[in-house]
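A look at the structure
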Amino acid sequence: VIEQLKGVRRGHLDISVASTANYFATRLLASFISHYPEVSFSLDVTNRATLLRQLEQNDKDMVIMGKPPDDQGLETEAFMENPLVVIAPPDHPLAGEAGISLKRLEEEPFVVREPGSGTFIAMERFFAEHGVNLKTGMQMTSNEAIKQAVEAGLGLGIVSIHTLELELETGRLVVLDMADFPILRHWYVVHRQGKRLSPVAQTFKEFVLSRASKMVTRSHLESA
Ligand code: PGA
């Protein structure tokens, strides 16, 4: 990658990432900029619904998000797994249990993301497929708000493991040991088909595809 960077001197990178991808996207950008400090960038952090609109308008160099629909004329490349897990406060009755069934979750209130969120859509599809009806009366528009709410005892939550590094390290939240989890999603680099990427954008795309899954720490994923 360092070799490829030599051809690129300066430029501007205009990217958008899913709010859930922001937990690692800033680390990727920091590493990229350390190789090429003269590149400037703007980073938009937003949910899936907004990202799809930006792709339609061809506003950004590229987007990092969960799998977009197949029929929108988009070029997509997967680069890393995105497991969704159930979180609870450490003193929750389910916290010590192994192999918790999906049905058991029907008894618990859930704090969930907004309907425009990829996490929310994946969660809804998964529980519908399994014939499980969650109580999802508490909706919040950020992963941080959900984690705070779960810590405060409002209910259980479903979030990407990538949002959890700090809370798992400090023991403020635990990942429940579910029988049929995680919900496995993937992260994609996405832009319109046939888009002509600038040299900086092309280099950044190759950087993400080749480096991201190695750079994003695996330790907290393995302990989950
Ligand atoms: P989001 O994440 O829930 O922040 O929109 C994107 C996704 O998982 O597709």
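Procedures and definitions
- Residues numbered from 1 in each chain as written.
- Predicted model: local features only at pLDDT ≥ 70, side-chain atom pairs only at ≥ 80, totals over all residues.
- Helix = DSSP H or I, 4+ residues; strand = E, 2+ residues; numbered from the N terminus.
- Expected span 1.5 Å × (residues − 1).
- Buried ≥ 20, exposed ≤ 12 C-beta atoms within 10 Å, placed from the backbone.
- Arc of directions from axis to C-beta.
- Domains from an automatic or database assignment.
- Nonpolar A, V, L, I, M, F, W, Y, C, P; charged D, E, K, R; others polar.

Quick word on helix H4 (residues 118-129)
In this model, H4 (12 residues) spans 17 Å end to end at C-alpha, consistent with the 16 Å of a helix rising 1.5 Å per residue. Burial in H4 covers these residues: Gly118, Thr119, Ala122, Met123 and Phe126. Looking straight down H4, one finds its buried side chains confined to an arc of 130°; they lie on one side. Exposed positions of H4 whose direction lies more than 90 degrees from the buried face are Arg125 and Ala128. Just past H4, the residue glycine 131 takes up positive phi, approximately 65°.

What about the domain arrangement of the protein chain?
When its domains are assigned, the protein chain resolves into domain 1 (2-80 + 186-223) and domain 2 (82-184). Computed over C-alpha atoms, the centres of domain 1 and domain 2 are 26 Å apart. Of the residues forming the side of domain 1 that touches domain 2, the biggest block, 3 residues, is contributed by helix H8 (residues 219-223). Residues of the side of domain 1 that touches domain 2, tallied by class, amount to 8 nonpolar, 7 polar and 1 charged.

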